[in-house]
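# Structural overview
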Number of protein chains: 2
Amino acid sequence: MTIYPKSRIHGQSEPHFPGDRHRLRRPIDRSDTRLVRRDQHLLQAGAPIAHPWLVVAGMLKSYRLDADGEEQVLDFHVPGDIIGLEAVVQATADHSIIALDTCNVRALPADVSAVDATEAESYTQMIIDGMYQEILRLTRRLNMSVEPTDQRLAGWLLEFSEAQRRRGLKPYEFRLPMRRRDLALYLGLATETLSRAFTRLRNRGLVAVNNYEIRILDAEGLGALAGKDREAAHADQAKG
Amino acid sequence: MTIYPKSRIHGQSEPHFPGDRHRLRRPIDRSDTRLVRRDQHLLQAGAPIAHPWLVVAGMLKSYRLDADGEEQVLDFHVPGDIIGLEAVVQATADHSIIALDTCNVRALPADVSAVDATEAESYTQMIIDGMYQEILRLTRRLNMSVEPTDQRLAGWLLEFSEAQRRRGLKPYEFRLPMRRRDLALYLGLATETLSRAFTRLRNRGLVAVNNYEIRILDAEGLGALAGKDREAAHADQAKG
DNA sequence: CGGATGCTTGAAGCTGCTCAAGTGAAGTGG
DNA sequence: CCACTTCACTTGAGCAGCTTCAAGCATCCG
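The structure contained in this document is the topic of the report that follows. (Residues numbered from 1 in each chain as written. Chains lettered and ligands numbered in written order. Predicted model: local features only at pLDDT ≥ 70, side-chain atom pairs only at ≥ 80, totals over all residues. Heavy atoms only, no water.)

## Some details on the nonpolar core
Residues and elements named next belong to chain A. Going by this rule: Take the buried Ala, Val, Leu, Ile, Met, Phe, Trp, Tyr and Cys residues and link them wherever side-chain atoms come within 4.5 Å; each set so joined is a nonpolar core. Each residue gets one of three labels from its accessible area relative to the maximum for its type: buried under 20%, exposed over 50%, partly exposed in between, using a 1.4 Å probe on protein chains only. What counts as a helix is a DSSP run of H or I of at least four residues, what counts as a strand is a run of E of at least two, and both are numbered from the N terminus. Residue ranges for the domains trace back to a domain assignment, done automatically or taken from a database.
Formed by 31 residues in total, the largest nonpolar core has its most connected members in Trp-156, Leu-157, Leu-176, Leu-183, Leu-187 and Phe-198. Where this core is concerned, the elements lending two or more residues are β5 (71-77), α2 (149-166), α3 (180-187), α4 (191-203), β10 (207-210), β11 (213-216) and α5 (219-227). At five residues, α2 tops the list of elements feeding residues into this core. Counting residues domain by domain, this core receives three or more from each of domain 1 (18-144) and domain 2 (149-239).

So this is what it looks like as structure tokens:
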């Protein structure tokens, strides 16, 4: 896991994260980068995919439609993530990926045995690491899927906060780039349930919520809630 | 995905699957295989892991204990699966793996760049394929986690049936190697809820259940239930 | 045969979903 | 610059499914 240097914050409330670009592991080769604007698709499920992409800036959402046409949000992707990993195995994209804000992505080689994408490690190793990261993420989400609502949201907020910190942004004060609906589908909840969960956390003084602006007031309290066993969480939810 | 040849069934009701051995892609090198008996651990979460393993025979369960000491069943592993993939990335096992019956596993190289494990593909490709399969499995489970109980069980039964078929065993008549509790935790349900779900499927004439012996009576009906959108499934569950 | 283990069934309670209305913010046109 | 529309988030009420607690059975094994 790459630890990004802490640095001055700027562009905090903007829809994209211009501060990220200079933190990349190596300068961008403009020839193989692509700009994706808000609500634009980078990939479509079932469509051909030639190679994986490295997220350079912005945030993307990957999703797919199930048999009923219901949207299932699979993941949010931040700079440093490799997306479209299935390209090294097959020629068809598994899921659709759409930009939540202005994004910058860099094309990666289609051939796993290609030489160095970075100076540090082989491309093969990079792909394997990327896949392993995805396995970890999925496993974590699977664990979360059995937790009660408030615990789920608390855990996710802390994860997001940690991601902010790693990227050199304010960990306790940020703007969510996705709509409630997206976050709800990601967490496996109804939009209304998520909204109520936010309200409960706010009423307990754990977070301050203003639309998409989030401020974490009591990280320790959030952690206690997130890590708590289910009965205790239930008790809290009742009295909260 | 390897398609195993269809062949005569034998050893159907035995706790292990002796018929599998000769279907392996290449003869077993006895020097690096290991026998794991029922309830014996192959790996412990947090303990050192030197290399991945290839499941040769039997079925294993991977799980981990969450903060409360509650068991979370992550996956069941059948012959052909590669387990302990994290070994190519780190030296510590992510989760515990225990044998559900008498199992045979073969040690794989720790170094990704090792030469040929099989004639067909490079070891690197084999690892990448294994990881991709795991990503697909996890994604499928994540999708299932938002489905209602009966739909979840129906879907899983069909998956298991398909796995049986691929391995040359009877697809519509088999013995579950895991306890109800394990299957319930795997599906993210309470044991009682799973039991009731079995009863409902039985009452509808979709399956015949006798303890661990399962017979699929109406695969089409199961498929309709599994693929059905949620409202329709709810309606069915009410009248079922 | 008796004890143990695990599956099944029953009843009650609670969480989260659905349907529905209310509120607030952002953008448009007069 | 301000009404008006729109869209999304919030809040409310009712309902349904799942879990929990508890008891009843079946199967296995000493």
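## A word on the protein's contact with DNA strand C
The condition that has to hold: For this purpose, a residue is taken to be near a molecule or strand whenever a single non-hydrogen atom of the residue falls within 4 Å of it. As used in this structure description, the phrase polar contact means that two N or O atoms lie within 3.5 Å; if the pair is within protein, one of them must be able to donate a hydrogen and the other to accept it, and residues adjacent in sequence are counted only when both atoms belong to side chains. All amino acids are sorted into three groups, where Ala, Val, Leu, Ile, Met, Phe, Trp, Tyr, Cys and Pro are nonpolar, Asp, Glu, Lys and Arg are charged, and the leftover types, Gly among them, are polar.
Close to DNA strand C lie 18 residues, the nearest being Thr-149 and Thr-193 of chain A together with Ser-195, Thr-199 and Tyr-212 of chain B. Expressed as a percentage, the sugar and phosphate content of the atoms of DNA strand C within 4 Å of the protein is 64%. Between DNA strand C and the protein, one listed contact pairs a base oxygen with a side-chain N or O atom of Arg-196 of chain A at 3.2 Å. A distance of 2.9 Å separates a base nitrogen of DNA strand C from a polar atom in the side chain of Arg-196 of chain B. The set of elements that each furnish at least two residues to the surface near DNA strand C consists of α4 of chain A together with α3 (180-187) and α4 (191-203) of chain B. Partitioned by chemical class, the residues of the surface near DNA strand C number four nonpolar, six polar and eight charged.

## Describing the sheet that holds strand β3 (residues 53-57) of chain B
Residues and elements named next belong to chain B. Applicable threshold: In this scheme, strands are said to pair when DSSP sees at least two bridges between them.
Ordered by their spatial adjacency, four strands build an open sheet running β1-β8-β3-β6, and the pairing between neighbours is antiparallel. With one partner strand each, in any of the chains shown, β1 (33-36) and β6 (82-83) form the two edges of the open sheet. Note: β3 against strand β8 (residues 103-107), four bridges, orientation antiparallel. Counted as the bridge partner of Leu-54 is Arg-106 from β8.

## Considerations on the packing of aromatic side chains
When we look at a pair of aromatic rings, we describe it by the centre distance and by the angle of the planes. For the record, the criterion: Aromatic pairs are defined between Phe, Tyr and Trp rings, using the six-membered ring for Trp, whenever the two ring centres lie within 6.5 Å; interplanar angles under 30 degrees are classed as stacked, those over 60 as edge-to-face, and all others as tilted. Two conditions define a charge located above a ring, namely a distance within 6 Å from the ring centre to NZ of Lys or CZ of Arg, and an angle within 35 degrees of the ring normal.
A complete count under the given rule lists six aromatic pairs over all chains for this structure. Geometrically, the ring pair formed by Trp-156 of chain B and Phe-160 of chain B is tilted, given 5.2 Å between the ring centres and 35° between the ring planes. With Trp-156 of chain B and Phe-160 of chain B both in helix α2 (residues 149-166) and four residues apart, the pair spans about one turn of that helix. On the accessibility criterion, Phe-160 of chain B (9% relative accessible area) is buried. By the ring-pair criterion, three or more aromatic residues cluster together here, those being Trp-156, Phe-160 and Phe-174 of chain A. Over the face of the ring belonging to Tyr-63 of chain A we find Lys-61 of chain A, whose NZ or CZ atom lies 5.2 Å from the ring centre.

## Some points on the protein's contact with DNA strand D
Taken together, 20 residues sit near DNA strand D, with Arg-180, Ser-195 and Thr-199 of chain A together with Thr-149 and Thr-193 of chain B positioned nearest. A share of 65% is what sugar and phosphate atoms reach among the atoms of DNA strand D within 4 Å of the protein. Here Arg-196 of chain A contributes a side-chain N or O atom positioned 2.9 Å from a base nitrogen of DNA strand D. The contact in question runs from a base oxygen of DNA strand D to an N or O atom on the side chain of Arg-196 of chain B, over 3.0 Å. Examining the composition of the surface near DNA strand D, we find that five residues originate from one element, α4 of chain A, more than from any other. Partitioned by chemical class, the residues of the surface near DNA strand D number four nonpolar, eight polar and eight charged.

## Structural notes on the interface of chain A and chain B
In many analyses, interface size is given as the accessible surface area lost on bringing the parts together. The following threshold applies: In what follows, a contact means two residues having at least one pair of non-hydrogen atoms within 4.5 Å. Buried area is understood as the total, over both parts, of accessible area removed when two parts are fitted together, assessed with a 1.4 Å probe. Counted as salt bridges are all cases of a side-chain nitrogen of Lys or Arg within 4 Å of a carboxyl oxygen of Asp or Glu.
The interface of chain A with chain B comprises 33 residues on the first partner and 33 residues on the second. Looking at the side of chain A facing chain B, the largest losses of area belong to Ile-128, Tyr-132 and Leu-142 of chain A, adding up to 24% of the total buried there. Here chain A and chain B share zero salt bridges between them. Counting across the interface, chain A meets chain B through four residue pairs in polar contact (both at pLDDT 80 or more). Broken down by secondary-structure element, the contributors of at least two residues to the side of chain A that touches chain B are β5 and α1 (123-144) of chain A. With 15 residues, the top contributor of residues to the side of chain A that touches chain B is α1 of chain A. Partitioned by chemical class, the residues of the side of chain A that touches chain B number 14 nonpolar, nine polar and 10 charged.

## Let's talk about the packing of α2 of chain B against helix α5 (residues 219-227) of chain B
Residue and element names in this part refer to chain B. Put simply, the test is: In this analysis an axis means a line fitted to C-alpha atoms, helices contributing only their contacting stretch, and an angle means the value between N-to-C directions, from 0 to 180 degrees. Here the word oblique covers every angle except those under 35 degrees (roughly parallel), over 145 (roughly antiparallel) and from 65 to 115 (roughly perpendicular). Crossing handedness is read from the near helix: turned anticlockwise from the far helix by less than a right angle, it gives a left-handed crossing, and turned clockwise, a right-handed one.
Contact geometry of α2 with α5 gives a least axis separation of 8 Å together with a crossing angle of 130°. Compared by their axis directions, α2 and α5 come out oblique. Of the two possible hands of crossing, α2 and α5 adopt the one that is left-handed. Of the residues in α5, those in contact with Asp-150, Gln-151, Ala-154, Gly-155, Leu-157 and Leu-158 of α2 are Ala-219, Leu-222, Gly-223, Leu-225 and Ala-226.

## Concerning α2 of chain A
Selection criterion: A helix's residues, less one, multiplied by 1.5 Å, set its expected span.
The terminal C-alpha atoms of α2 of chain A lie 26 Å apart, and with 18 residues this matches the ideal 26 Å at 1.5 Å per residue to within 8%. Just downstream of α2 of chain A lies Gly-168 of chain A, where phi reads positive at about 80°.

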